[in-house]
Amino acid sequence: MGLIRFILIVSFIWLVVVLIQKLRQQGLGGQEHRQKRSIIKKQMVQCAYCSIYVPKEDALQKNDNYFCCQDHVQIEQKKS
């Protein structure tokens, strides 16, 4: 009987802790917390040499092509 009582008490405490965490997330700081966890979407472009996708803001642009690094820009220039 003592073991069952112990398991019930631990389960009740765990349930209370989970409920408090849920209420905090929905309460005052909940919206800020969700904003921090949101993923910032960036426009991606494909490297004309190796076909890897990189964020447009990090890519190097040469004419109408985007490249992931300066080496790939130089390789493409040598081809032309």
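Structure shown above.
Residues numbered from 1 in each chain as written. Predicted model: local features only at pLDDT ≥ 70, side-chain atom pairs only at ≥ 80, totals over all residues. Heavy atoms only, no water.

### Overview of the overall build of the protein
- In terms of helices and strands, the protein carries three helices and four strands.
- Reading the protein from its N terminus to its C terminus gives the helix and strand order α-α-β-β-β-β-α.
- Residues counted as buried form 14% of the 80 residues belonging to the protein.
- In the protein, the proportion of contacts linking residues at least 24 apart, taken out of those at least 6 apart, comes to 10%. (Helix = DSSP H or I, 4+ residues; strand = E, 2+ residues; numbered from the N terminus. Buried < 20%, exposed > 50% of the residue type's maximum accessible area, 1.4 Å probe, protein only. Contact = heavy atoms within 4.5 Å.)

### Details of the pattern of salt bridges
- Applying the stated criterion to the full structure yields two salt bridges.
- With a shortest N-O distance of 3.3 Å, Lys42 and Glu57 are connected by a salt bridge. Taken as a pair, Lys42 in the loop between α2 (30-37) and β1 (44-46) and Glu57 in the loop between β2 (53-55) and β3 (60-62) lie far apart in primary sequence, 15 residues in all.
- When its relative accessible area of 43% is taken as the criterion, Lys42 is described as partly exposed. (Salt bridge = Lys/Arg side-chain N within 4 Å of Asp/Glu carboxyl O.)

### Topic: helix α3 (residues 70-79)
- Within α3, the full set of buried residues consists of His72, Val73 and Glu76. Relative to the axis of α3, the buried residues are bounded by an arc of 105 degrees and lie together on one face. For α3, the exposed residues lying more than 90 degrees away from the buried face are Asp71 and Lys78.
- Among the structural elements, β3 and β4 (65-67) are those in contact with the buried residues of α3. (Arc of directions from axis to C-beta.)

### Structural notes on a nonpolar patch on the surface
- On the surface, a nonpolar cluster with roughly 530 Å² of combined accessible area is contributed by Ile9, Phe12, Ile13, Val16, Val17 and Ile20.
- Note that Val16 resides in helix α1 (residues 2-26). (Patch = residues over 30% accessible without salt bridge, like charges linked within 9 Å, V, L, I, M, F, W, Y side chains within 5 Å. Areas by Shrake-Rupley, 256 points an atom, 1.4 Å probe, with all protein chains shown as cover.)

### Some points on unusual backbone geometry
- Even without being a glycine, Ser51 presents a positive backbone phi close to 70 degrees.
- Along the chain, Ser51 falls in the loop between β1 and β2.
- The partly exposed category is assigned to Ser51, whose relative accessible area is 40%.

Honestly, it's all geometry; don't read function into it.
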